[in-house]
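Coordinates in review
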Amino acid sequence: MFEQEQQAIEEQIRAYCKQQDIPSTEELKWARIPFSGEWGIATSFFQTAANEARSGKKVVVPQRAQEIAEGVAEHLGTPQGFSRVEAVKGYLNLYFSTDEYARTVLDTVITQGVEYGNGLANGQSVMVEFSQPNTHKALHVGHLRNMMLGAAVANILECAGYEVVRSNYIGDFGRDVMKWIWNYEKRHDGEEPPEDTTRWMGDLYAEATQKLEEDEAGETEIQALFADWESKDSPTYKLWQKTRQWSLDGFNDVYTQMGIHFDRFYYESEMEESAKEIVEELISKGIVTDDRPDGPAVIKVDELLGLDKETYRVLAVLRSDGTSLYGAWDLALAQKKFIDYPLDRSVYVVDVRQSLHFQQVFKTLEAVGFEKIKDAFHLPYEVVNLPGNLTMSSRDGVIVLLEDFIREATQRAYDVSLETNPELDEVTRKGVANAVALGSIKYPLLARDNTKIATFDWETALDFNGHSAPYIQYAHVRANSILRRVDKALPDSSNPTYELEPAEIALIELISQIPDTVQRAADEYRTLHITNLAYDLAKAFNDFYNRCPVLKAEPEVQLTRLRLVAAARQSIANCLRILGIEAPEVM
RNA sequence: GCCCCCGUAGCUCAAUGGACAGAGCACCGGCCUUCUAAGCCGUAGGUUGUAGGUUCGAUUCCUGCCGGGGGCGCCA
């Protein structure tokens, strides 16, 4: 937000260094002054001093850094827009003229509104593939992490200035699906799903897994179903179509509920044909080692890349019976995405356990000359476990169902609301309960680094206190509550005519960080930066709320504070929106 | 055997190579005639797994070791 100011000062620093014959060529790194209540930008001269030391000059680095900082400070004087410049411990600290900058920040937020925080369109297009649910199975809490991460990353990229294509890749085909069909035909033929469709699909899947273990002929029968499916007018194919749709309808309900949408759906069942074409081609090029029917057709990736050490291992593409495997599908899909859209980047939000798989796919495509694959990126995330390091598994049915979790959280939020705000009408309360419940479900998954395993336990999951979505939502409600009580329109922009409180400065400072944080989150594909900022904003607002009266303030003070409250409300709402979390008006 | 990830307060987690390693939970003690107490303030809690290395400076980068988790030819 302060690029112009930084640039102007950078030029002066460079000029000074040149004049003093100090070799300062590298970029200056700017940071915020890290002490509370102080507001400004800082840079240091350790690197410069170290460079001098390396070039033969006899200097003690910290001392020399301080010397340079002092020299620069003297040279700069007090630049326009700053109130004070100091050199301390090798750092150059430039303190903003509070009034001027406070006004600039508030004006920017209020003028830009929901757009505040967004970067300029950068002309780049990126696809984010996420969710990838399997039909004929239940949705559990483990799937939620992927959904939330993917949706939030897509939002972040969009805010940062990318053109974003949100895609989903539905697992509607494969052995597990056929296993479900097999079991359905044997034990549930003709049954229609109950209202709770997705749960029922999951139950039948668990049953299929169990029954198959006890059934010697099962494997052969499933193989036969695979063969039937190939013919599009077979009963197997028709049954597959019908049951698959049950799952898809259920998924769409969940997406609607979670506020997620997709621009493009891909299906594994569509990949069969093009996958086989690719494999045929690779066989003819000698890249695929075809051991059928004695074994699978595979790509020996290390060999392909000419590596001696086992690194990328072997990617299986066809079963010995000739049916294709997901390795082949991904070879097809990775290319198809770049054909369907003019992408500058292609992001896959997929469980970390598939890291090797994606390396195999990407390396293979690179080796066969598909240049664009260099722009493909696997964004891995860790799993959600149950206490005791227990991995959720659809096969064993050891899972916390998404719908159970949502129901419990909603009930809990409703109960808390009854207690804390008894006057709410029923319709509003239900809306609040829904917003709070979904927020509290989503937030912890987004506030954790992708590489960290999450552990689900009910008590923590239903805790609405502290570092949580409801805390942030509540800050938004408080801000809204103040503004609602003011009948008149927001005052016009003006410089503050009183000395701002530290709590006010801290809040404004955080607000000003949003654009940079969005960019950083986009660069690193990390939702964590947004959740951290949203929380810090809420905390700073609560502090302000307690220390600084607004409605009872002197008219001149109130002027600025009302604009600050409006900017804070907007800022919190924008952060929550990026995260896919609702910002309620009341709670 | 090869590869990847994690290790920070009692617990769960933060921390662009930078100034004093910060939050929440839990514990203890305060604050509702005052813009919604789903809130605020205070106390306490640390050899950042360990041994080295790089650096002016390491929780952050590199190497070894210890502990935990995950992946590795016909599931996805």
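Quick caveat, the model's predicted, so the values are computed rather than measured.

Counting its secondary structure elements, chain A contains 21 helices and 15 strands. Each principal axis of the C-alpha distribution contributes one length, and for chain A these read about 85 × 70 × 40 Å. For chain A, buried positions account for 53% of its 587 residues. The long-range fraction of contacts in chain A, counting pairs at least 24 apart against all pairs at least 6 apart in sequence, stands at 74%. Summing over all exposed atoms, chain A offers an accessible surface of approximately 27,400 Å²; the carbon and sulfur share of this is 48%.

As a further point, take the environment of Lys18. Considering the arrangement of structural elements, one finds Lys18 in helix α1 (residues 3-20). Relative accessible area serves as the criterion here: at 73%, Lys18 is assigned to the exposed category. For the pair formed by Lys18 and Val550, sequence separation is 532 residues and the distance between their alpha carbons is 50 Å.

Strand order across the open sheet formed by three strands is β14-β13-β15, with mixed pairing between neighbours. At either margin of the open sheet sits one strand with a lone partner, and together these are β14 (390-391) and β15 (454-455). Pairing of strand β13 (residues 384-386) with β14, which is carried by two bridges, proceeds in the antiparallel orientation. Looking at β14, one finds that Asn385 is bridged to Thr391.

The next thing to look at is the domain arrangement of chain A. According to the domain assignment, chain A contains domain 1 (3-96), domain 2 (130-391) and domain 3 (406-579). For domain 1 and domain 3, the distance between their C-alpha centroids amounts to 36 Å. Opposite the four residues of domain 1 that make contact, domain 3 presents seven residues. Counting the surface lost from both domain 1 and domain 3, the interface buries some 540 Å², and carbon and sulfur atoms represent 57% of this. Between Arg32 and Glu509 there is a salt bridge whose closest N-O contact spans 3.2 Å.

What follows is about the layout of surface pockets. When its volume is computed, the largest pocket comes out at roughly 1,300 Å³. For the largest pocket, the lining is made up of 42 residues, of which Gln132, Asn134, Lys137, Asp176 and Gln354 are closest to its centre. Elements with a minimum of two residues in the lining of the largest pocket: α5 (141-160), α6 (175-187), α12 (326-340) and β11 (345-351). The residue inventory of the lining of the largest pocket, partitioned by class, reads 16 nonpolar, 16 polar and ten charged. Taken as a whole, the second largest pocket holds about 520 Å³ of empty space.

How each quantity is defined
Residues numbered from 1 in each chain as written. Chains lettered and ligands numbered in written order. Predicted model: local features only at pLDDT ≥ 70, side-chain atom pairs only at ≥ 80, totals over all residues. Heavy atoms only, no water. Helix = DSSP H or I, 4+ residues; strand = E, 2+ residues; numbered from the N terminus. Buried < 20%, exposed > 50% of the residue type's maximum accessible area, 1.4 Å probe, protein only. Contact = heavy atoms within 4.5 Å. Areas by Shrake-Rupley, 256 points an atom, 1.4 Å probe, with all protein chains shown as cover. Pairing = 2+ DSSP bridges. Domains from an automatic or database assignment. Buried area = accessible area lost by both parts, 1.4 Å probe. Salt bridge = Lys/Arg side-chain N within 4 Å of Asp/Glu carboxyl O. 1 Å grid on protein atoms, 1.4 Å probe; cavity = no way out; pocket = protein on both sides within 12 Å on 5 of 7 lines; lining within 4 Å. Points joined across faces, edges and corners; volume = space filled by probe spheres on them. Nonpolar A, V, L, I, M, F, W, Y, C, P; charged D, E, K, R; others polar.

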